[in-house]
Structures are given as structure tokens and as C-alpha cells.
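Residue-level listing of the chains:
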Amino acid sequence: MNEKLESLIQLGKKLLLWLILPLVILISGFFLGEQFEVGRLSAIASCEGSVNNSACIRSKGYLASSPYYPDLGRRYFGAFARMIGGDLGASYYVEPALPVNLPKAGDTPPDEDAEEPEEKKPAPPSKK
């Protein structure tokens, strides 16, 4: 009985070392990367209406285009989370914002409340 118990304990240690521990490390890395991705996506959403999206996103600690993170740790964890999350069906795609068309001075429609200049009436024909 003692030999069977020892073999079960050895099997449990190997199972813990080679299966459970790597799974815990991978899952915790995925959750950490997901938190980085949530932060990046919220920074993009908060900069949506700004005139210069790239500068706004950069001011929040992210890059506007791929690789999205200035430091390697967040870059690897974020890429790992995008890879696993993409396989699970998550979408990390951010639609590019349309360029903001600011109206020019000549393009603005006339103000309805403004006084309109009086129209010039054609001069009556002169008799000669």
C-alpha cells in the first residue's frame, strides 16, 4: 500500500509541475494581456473626438498603430491576449476614424437671422 501511495504522490507532483503550473501561468498571462488591451481600447475611445488622435493616444501611453505599446512587456502580453482572444472570438479591431472635415469660411451657409442686404432694383429705363 505504501508503494502505491508513493507512486500516486509522485504522479501528483509531476502533474502539478508539468500541467497545472504552466496552465496557471498561461491563463494569468492572458488575463494580464486582456487588461492591457482594455486600457488601450479605452484610450482609443476617449480620444475619438480629438483633432489629433495620434497625439492624444500617445499622451495616454499607447501608440496609434501596431505594435500599440512602447514597452516590450505590455507588447508581448497584449499580442498574446489578442492571439488567444482572437481564437476565442473576440475582436480587437478599431475602425479607423474618418477625417474631420472642418468647414471653411466660404463653405458656411448664410445665417438666417443675419440681416440680408437689400436687393438692388433694376433702374427704370431712361427716356431719350
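Right above here is the structure, for reference.
Here the structure is a predicted model, which means the values were calculated and not measured.

Points about the nonpolar core
Now for step 1: Counting residues in each nonpolar core, the largest one holds 7 residues, listed as A43, I44, C47, C56, I57, Y62 and Y69.
Now for step 2: Elements supplying a minimum of two residues to this core: α1 (2-46) and α2 (53-59).
Now for step 3: Apart from the residues lying within four places of it in its own chain, the contact partners of I44 are I57 and V94.

Considering the state of the cysteines
Now for step 1: According to the stated counting rule, one finds 1 disulfide in the structure shown.
Now for step 2: Disulfide pairing places C47 opposite C56 at an S-S distance of 2.0 Å. For the disulfide bridge between C47 and C56, the dihedral angle about the S-S bond is near -70 degrees, and by the sign convention the bridge is left-handed. Accessibility classification places C47 together with C56 in one group, the buried group.

Comments concerning unusual backbone geometry
Now for step 1: Each neighbour pair has its own omega, and for S66 with P67 the value is 25 degrees, a cis peptide bond.
Now for step 2: When you line up the elements, P67 lands in the loop between α2 and α3 (72-88).
Now for step 3: In the Ramachandran plot, Y68 falls in the positive-phi region, its phi being about 70 degrees despite a non-glycine side chain.
Now for step 4: Structurally, Y68 is set in the loop between α2 and α3.

Here is what the cut-offs are and how they apply
- Residues numbered from 1 in each chain as written.
- Predicted model: local features only at pLDDT ≥ 70, side-chain atom pairs only at ≥ 80, totals over all residues.
- Heavy atoms only, no water.
- Core = buried A, V, L, I, M, F, W, Y, C linked by side-chain atoms within 4.5 Å.
- Buried < 20%, exposed > 50% of the residue type's maximum accessible area, 1.4 Å probe, protein only.
- Helix = DSSP H or I, 4+ residues; strand = E, 2+ residues; numbered from the N terminus.
- Contact = heavy atoms within 4.5 Å.
- Disulfide = S-S within 2.5 Å.

Note that all results are geometric; they support no functional claim without further evidence.
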